[in-house]
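Spelled out, the chains give:
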Amino acid sequence: QRLDHLGKLLGYGSLAVCALVFVVGLLRAAEINLAVITNMFMVAISLAIAAVPEGLPAVVTISLAMGMREMVRRHALIRRLASVETLGSATVICSDKTGTLTQNAMTVTRLWAGDHLYEIGGSGYDASGDFSVDGKKIETEEHPALLNALWVGLLNNDAQLEAVMENEQVDSYRIIGDPTEASLLVAAAKAGAFSHELNEAYPRVNEIPFDSTRKRMVTLHAVLKPQADDISPVYDETRQKQYAIVVKGAPDVVLKLCNHYRAGSNQNETLGDDKRREILAVNDDLTRQALRVLGMAYRLVPELPQEITPELLENNLTFAGLAGMIDPARTEVKPALSRAIGAGIRTIMITGDFANTARAIAENIGLLRPGHQVKTGAELDNLDETQLQEAVKTTDVFARVSPEHKMRIVDALRSNGEIVAMTGDGVNDAPAIKRADIGVAMGITGTDVAKETADMVLTDDNYASIVSAIEQGRVIYSNIRKFVYYLLSCNMAEIMIIFIATLVTGISPLTAIQLLWLNLVTDGAPALALATEKGDPDIMQHPPRPPKEPIINRFMTVGIIVQTIAITGATLAAYFIGRSLGDEQLAQTMAFATLSISELLRAYTARSEYYPFVKIGMLTNRWMNLAVLSSVALILLVIYVPFLNPIFKTDALSLTHWSIVVPLLIVPSLAAEATKFVYTWLHRHDQEVVQAA
């Protein structure tokens, strides 16, 4: 949008200046005839072509496309080209916890059942591990309440645990399905129980799938081969038919549906208020250890319910236990968070987990900042939109939220002027993803709906990839700015050179064909080379650019003025010295050589807005070297090839002429470097004043 606006301004401005040059040229002419009119008209048209950055759309598109290719290498697939630029101005990342900030490799390490808290050894999806209580190893068959809880976790489960065979022996295990559910399969496998065996004894006949609003899942099983001495619940021998209703979900939600609990004696006991408080206290303790906790319950019924509804199934349940699983933070997340903080980008964790779990993870990775808070979905329900806009300023973690809460959080942040990147993977996340400035979907665990809605898809579901994509977005926007800066400083100088020379002498220092050739060799290849820049080394140490900041900011405006003066002065000096040494054609050739080569050298200084050329290095961008060398060759071609001299109105320059031209064509580059130095010094001085204050 800004480039479109800039292009219109340049177009109108160039037409006005070119018309002025045409009129002034005619007024300054000794006599007005067809030849003079034709010559000045050609100069004005050529100047208009040179002044209007017709290569800008191509360079911008190529820059964005190259940026998209680089982002794919960084595991970020951009679905909308314009989103690349938006990424560079992101101020807030709203990230899921599971799989994005954490490894999504769940391992059940604690299990509460029958009044005992069991510790489970092992890690990952290795089915080897032992059970212990208070540091002492136990035999699982001696703890029926523990086996009963594992029975619930196995049946109410859509994941699969497959053995990987090597040399006809089990080498390892791999999961198919949700890692949270898979961790329950692994925990049961450590006790010697496997889902395929249990599913034969208790085949599933119906279900109510997990819902993010209900926060639970219900499965209904027929009891065909009860195994009272294994991990199944006590079977009523007097009943010919029997069905098991099995529930898994958020502990507080599941607990409200229960009237009994499975005691250590392997008998159902009444679930009184004291026992409820005890179970909730265990849950709180587990969540403070950064564990994700699931509650499990069941009920045996003599016949199949006529209707599969929550009202009929989710009542009078027996609470089986709590499963606490650890999902370690990704090792690369902590450094990525530090980079985001250094870049002035805030990260907010939005998760369905308990507040204690979310807080523990956030503190562990450095996301929860001092003085900031954790809020739950229930607290959000009590806030109006104005209060929420204030709350999001100091809240780093939102726990126990629903998809509707995500939308409210996005709206509140955007109302505060933030540029928001929102992650999501489910169908219900799609509205929040669409509402955000940058919607980010998970490529591995994300649904098709989420991916279709998103602007960007993470192929590795990793938070660090979002930060890398933002960095690349900044690089792309910076490269576009460099090209615009370079092009405008050169074009403004070309306009001023012809305008001043025509005003003073009545003759253009450059012919129409020279202007066109100059436009070809200095606008195309060097500009494309600028699009390949890797970005300043401290690009992630600056705050996000203000969304309303124009492409041509104050520093760039000053730089354009300085360059216009430097290039204009050097070129006109070469022109007038050439006139004093010989004829008009020699003067135009010296002006052409000075202007064209000075602009090519200027491309090197444009590689960074703030870093000096000596620090960047000449050999760090081979495409720039190729562009400049090829462009210089084309310039020398029209100067020294005899049959091209009449066409381009040029003379072969001698060493004496070059001894004049070379010092002059270096002046603009020196002026650009001096401008960087002064700006850097003033910026550093301002920072020191602010720090001292």
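Before going further, it helps to spend a moment on the overall build of the chain. Regarding its fold elements, the chain presents 26 helices and 21 strands. Here the C-alpha radius of gyration of the chain, 36 Å, is well above what a compact globule of 693 residues would show, namely 26 Å. Dimensions of the chain along its principal axes, counting C-alpha atoms only, are 120 × 60 × 50 Å. Out of the 693 residues belonging to the chain, those deemed buried represent 54%. A fraction of 72% describes how many contacts in the chain between residues 6 or more apart in sequence connect residues 24 or more apart. Accessible surface, the chain as shown: approximately 30300 Å² in total, 58% of it carbon and sulfur. Averaging the locations of the 60 positively and 76 negatively charged side chains of the chain gives two centres separated by 6 Å.

Turning our eyes to something else, we now look at the sheet that holds strand β2 (residues 92-95). Strand order in the open sheet formed by eight strands is β1-β21-β20-β19-β2-β16-β18-β17, with mixed pairing between adjacent strands. Each edge of the open sheet is held by one strand with a lone partner, namely β1 (76-78) and β17 (373-376). Looking at each pair of strands side by side, their axes are set apart by 20 degrees on average, direction ignored. As paired strands, β2 and strand β19 (residues 420-424) are joined by three bridges and run parallel to one another. Directly across from Cys94, in β19, lies its bridge partner Met422.

Under the counting rule described, the total for this entry stands at 10 aromatic pairs. Between Tyr575 and Phe576, the ring centres sit 5.2 Å apart and the planes meet at 65 degrees, which makes this aromatic pair edge-to-face. We classify Tyr575 as buried; its relative accessible area is 0%. A centroid spacing of 5.6 Å and a plane angle of 70 degrees characterise the contact between Tyr604 and Phe613, whose relative ring orientation is edge-to-face. Of the residues examined, Tyr604 reaches a relative accessible area of 8% and is grouped as buried. Above the face of the Tyr485 ring, Arg602 is positioned so that its terminal group lies 4.7 Å from the ring centre.

Looking now at the pattern of salt bridges. Going through the model one piece at a time under the given rule, you end up with 31 salt bridges. Linking Arg73 and Glu70 is a salt bridge whose minimum nitrogen-to-oxygen distance equals 3.3 Å. Taken together, the residues span about one helical turn, with Arg73 and Glu70 both in helix α3 (residues 56-73) at a distance of three residues. Here Lys393 and Glu390 are joined by a salt bridge, their closest N and O atoms 3.1 Å apart. Accessibility expressed as a relative area gives 41% for Lys393, which makes it partly exposed. According to the relative accessible area criterion, Glu390 is partly exposed, its value standing at 48%.

Attention now moves to the confidence of the model for the chain. Segments scoring low in pLDDT should not have their predicted coordinates read at a detailed level. For the chain, mean pLDDT is 86; residues scoring 70 or higher make up 95% of the total. Taken as a whole, residues 688-693 scores under 50 in pLDDT and shows zero contacts with residues more than four places along the chain or in a different chain.

Between helix α18 (residues 463-505) and helix α22 (residues 584-605), the shortest axis-to-axis distance is 10 Å and the interhelical angle comes to 160 degrees. With respect to α22, the element α18 is oriented roughly antiparallel. Between α18 and α22 lies a crossing whose hand is right-handed. Of the residues in α22, those in contact with Tyr485, Tyr486, Ser489, Cys490, Glu494 and Ile497 of α18 are Leu595, Glu599, Leu600, Arg602 and Ala603. Per-class residue counts for the contact of α18 with α22 are seven nonpolar, one polar and three charged.

Among the nonpolar cores identified, the biggest contains 60 residues, and Met456 and Tyr463 are the most heavily contacted of them. With 15 residues, the single largest contributor to this core is α18. Tyr463 has contacts with Ile93, Ser95, Thr100, Leu101, Val333, Ala336, Leu337, Ala340 and Thr347, leaving out every residue within four places of it along the chain. Counting residues in each nonpolar core, the second largest holds 53 residues, with Cys18, Met590, Val638 and Leu664 among its members.

Criteria and cut-off values
Residues numbered from 1 in each chain as written. Predicted model: local features only at pLDDT ≥ 70, side-chain atom pairs only at ≥ 80, totals over all residues. Heavy atoms only, no water. Helix = DSSP H or I, 4+ residues; strand = E, 2+ residues; numbered from the N terminus. Rg over C-alpha atoms; globule rule 2.2 N^0.38 Å. Buried < 20%, exposed > 50% of the residue type's maximum accessible area, 1.4 Å probe, protein only. Contact = heavy atoms within 4.5 Å. Areas by Shrake-Rupley, 256 points an atom, 1.4 Å probe, with all protein chains shown as cover. Lys, Arg positive; Asp, Glu negative; His and termini not counted. Charge placed at Lys NZ, Arg CZ, Asp CG, Glu CD. Pairing = 2+ DSSP bridges. Axes fitted to C-alpha atoms, helices over the stretch in contact; angles between N-to-C directions. Phe/Tyr/Trp six-rings, centres within 6.5 Å; stacked < 30°, edge-to-face > 60°. Lys NZ or Arg CZ within 6 Å of the ring centre and 35° of its normal. Salt bridge = Lys/Arg side-chain N within 4 Å of Asp/Glu carboxyl O. pLDDT = per-residue confidence, 0-100. Parallel < 35°, antiparallel > 145°, perpendicular 65-115°, else oblique. Left-handed = near helix turned anticlockwise from the far one by under 90°. Nonpolar A, V, L, I, M, F, W, Y, C, P; charged D, E, K, R; others polar. Core = buried A, V, L, I, M, F, W, Y, C linked by side-chain atoms within 4.5 Å.

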